[in-house]
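So the chains spell out like this:
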Amino acid sequence: MKRVTLIKGDGIGPEISNAVIKIIEASGAQIDWDVQTAGADVIEKEGVPLPDRVLESVKNNGVALKSPVTTPIGKGFRSVNVQLRKDLDLYANLRPCYNLPSVKTRYENVDIVVVRENTEDLYAGIERQVDADTAESIKIITRKASLRIAEFAFDYAIKNNRKEVAVVTKANICKLSDGLFLECAKEVAKKYPSIAFREVLVDNCCMQLVQNPNQFDILLLPNLYGDIVSDLCAGLIGGLGIAQGANIGENYAVFEPVHGSAPDIAGQDKANPTAMLMSAIEMLNYIEERKAAEKIRKALFATLEAGIKTADLGGSATCSEFADAIIDRI
Ligand code: NAI
């Protein structure tokens, strides 16, 4: 039995986690969940939103499945999600983005993998109030982090039979910071002659993605552009309800959907658990529970093909009905 940390999060987090745990149980995967809490509710009892026990749990188990945790906007505590990625040095944020069966979208055959640097850039959160009318934010890009994320992207390309890596920056304006990220990507690209390489500016990339997404294979981006472009890519395949993700480091991996805690629909049994489930499928593959992962993937696809969908995809199933339909098919 493999012990896996489970962070249930808040907002829609508990609903989608409960659905996913039930599905995983039905698949026969042998998992002993080490349930951990984090976020606003924890501050009251423990004084911090991300207590050490959560980090220790992931370090001990090596792997976690995580639901979204709310971050206050414009004030309050620092993002638990960002802190977790940083403290565990989960430097690669991997977000495969492809069409699912029976989910109607503007484009067919979208198959893009977003590789986002996960530890620095404006996400370092180094900000100061210069005076009452001026705020300053520092963008950190280092050679070490840029080289290793580029290595990750090319290594992923080789291992997964992909053809091209496009590095996405704004190096025409941020000549030093994005310039360094680009320089590192170019350097790593030279070591992988079998993988095509190109440079795209982030503004043009967004336009190209909206007009002709099929031209892209792997996108390699610094943290902030990666965050924004991931949501754009999620939109191409049917929305945040189905967009999976993983945060990967040398020693640990935390699997979590791209989306946030969706406070607008929390507690209503409306959320789509697919993004969390697809992240869980990748977690199962990671811990070598491949049979269970495949069983769940097939049952998920069969459920969508049967026209059973949650509201975000134009259906009428609740989160729990959708989960039950998947369990029936397992
Ligand atoms: P969001 O991703 O929570 O929601 C954006 C829109 O997508 C909303 O209309 C929501 O209802 C919809 N949506 C998201 N997930 C869905 C699902 N599974 N099924 C159906 N509809 C879904 O983004 P928002 O509103 O910008 O952020 C809310 C909170 O989540 C913020 O506090 C933010 O900081 C946090 N957040 C946390 C993340 C994490 O834990 N990794 C990632 C992104 C945001």
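Note that the coordinates shown come from a computational prediction; the quantities given were computed from them, not determined experimentally.

### Comments concerning the overall build of the protein chain
Phase 1: On a plain count of helices and strands, the protein chain comes out with 11 helices and 12 strands.
Phase 2: For a compact globule of 330 residues, the expected C-alpha radius of gyration is about 20 Å, and the protein chain comes in at 20 Å, within 12% of that figure.
Phase 3: For the protein chain, the spread of C-alpha atoms along the principal axes amounts to about 55 × 45 × 40 Å.
Phase 4: Counting the 330 residues in the protein chain, one finds 54% classified as buried.
Phase 5: A separation of at least 24 residues holds for 73% of the contacts in the protein chain among residues at least 6 apart in sequence.
Phase 6: Roughly 14,700 Å² of accessible area belongs to the protein chain as shown, and the carbon and sulfur atoms make up 51% of that amount.

### What to know about the site of the ligand
Phase 1: In the vicinity of the ligand there are 22 residues, among which Thr71, Gly260, Ala262, Asp264 and Asn272 approach most closely.
Phase 2: At 2.7 Å, a backbone N or O of Ala262 approaches an oxygen atom of the ligand.
Phase 3: Here the ligand loses 71% of its free accessible area of 810 Å² to cover by the protein chains.
Phase 4: Taken together, the residues that form the shell around the ligand break down as nine nonpolar, eight polar and five charged.

### Some thoughts on the packing of aromatic side chains
Phase 1: The full count for this structure, using the stated rule, is four aromatic pairs.
Phase 2: Pairing Tyr91 with Phe152 gives two aromatic rings, centres 6.2 Å apart and planes at 85°, and the pair type is edge-to-face. Note that Tyr91 is positioned in the loop between α4 (80–87) and β4 (92–98) and Phe152 in helix α5 (residues 143–159), a separation of 61 residues in sequence. When sorted by exposure, Tyr91 lands in the same class as Phe152, which is buried.
Phase 3: When the ring of Phe154 is compared with that of Phe197, the centres are 6.1 Å apart and the planes differ by 45°; the resulting orientation is tilted. With Phe154 in helix α5 and Phe197 in strand β9 (residues 196–201), this residue pair connects regions lying 43 residues apart in the sequence.
Phase 4: Its guanidinium or amino end placed over the ring of Tyr123, Arg116 lies 4.9 Å from that ring's centre, counting from NZ or CZ.

### A short note on the nonpolar core
Phase 1: Counting residues in hydrophobic clusters, the biggest one holds 89 residues, and the most contacted among them are Ile24, Leu219, Leu220, Met283 and Leu284.
Phase 2: Contact partners of Leu220, with chain neighbours within four places excluded, come to Val115, Ile149, Ala150, Ala153, Val165, Ala166, Val167, Val168, Phe181 and Ala185.
Phase 3: By size, the runner-up hydrophobic cluster in this structure holds 15 residues, among which are Val54, Val58, Val69 and Phe77.

### Describing the side chain of Lys309
Phase 1: On the secondary structure map, Lys309 appears in the loop between α10 (290–305) and α11 (319–329).
Phase 2: Look at Lys309: it is buried, it has no salt bridge, and the nearest opposite charge is Asp312 at 10 Å.
Phase 3: Of note is the side chain of Lys309, whose polar atom sits 2.5 Å from the backbone oxygen of Ser102.
Phase 4: Not counting residues within four places of it along the chain, the set of residues in contact with Lys309 comprises Ser102, Leu304, Gly315, Ser316, Ala317 and Phe322.

### Some thoughts on α4
Phase 1: Turning to α4, its buried residues number three or more, namely Val80, Asn81, Val82, Leu84 and Arg85.
Phase 2: The residue sitting at the N-terminus of α4 and contributing the capping side-chain oxygen is Ser79; that oxygen lies 3.1 Å from the backbone nitrogen of Asn81.

Criteria and cut-off values
- Residues numbered from 1 in each chain as written.
- Predicted model: local features only at pLDDT ≥ 70, side-chain atom pairs only at ≥ 80, totals over all residues.
- Heavy atoms only, no water.
- Helix = DSSP H or I, 4+ residues; strand = E, 2+ residues; numbered from the N terminus.
- Rg over C-alpha atoms; globule rule 2.2 N^0.38 Å.
- Buried < 20%, exposed > 50% of the residue type's maximum accessible area, 1.4 Å probe, protein only.
- Contact = heavy atoms within 4.5 Å.
- Areas by Shrake-Rupley, 256 points an atom, 1.4 Å probe, with all protein chains shown as cover.
- Near = heavy atom within 4 Å.
- Polar contact = N/O pair within 3.5 Å; in protein donor to acceptor, adjacent residues only side chain to side chain.
- Nonpolar A, V, L, I, M, F, W, Y, C, P; charged D, E, K, R; others polar.
- Phe/Tyr/Trp six-rings, centres within 6.5 Å; stacked < 30°, edge-to-face > 60°.
- Lys NZ or Arg CZ within 6 Å of the ring centre and 35° of its normal.
- Core = buried A, V, L, I, M, F, W, Y, C linked by side-chain atoms within 4.5 Å.
- Lys, Arg positive; Asp, Glu negative; His and termini not counted.
- Salt bridge = Lys/Arg side-chain N within 4 Å of Asp/Glu carboxyl O.

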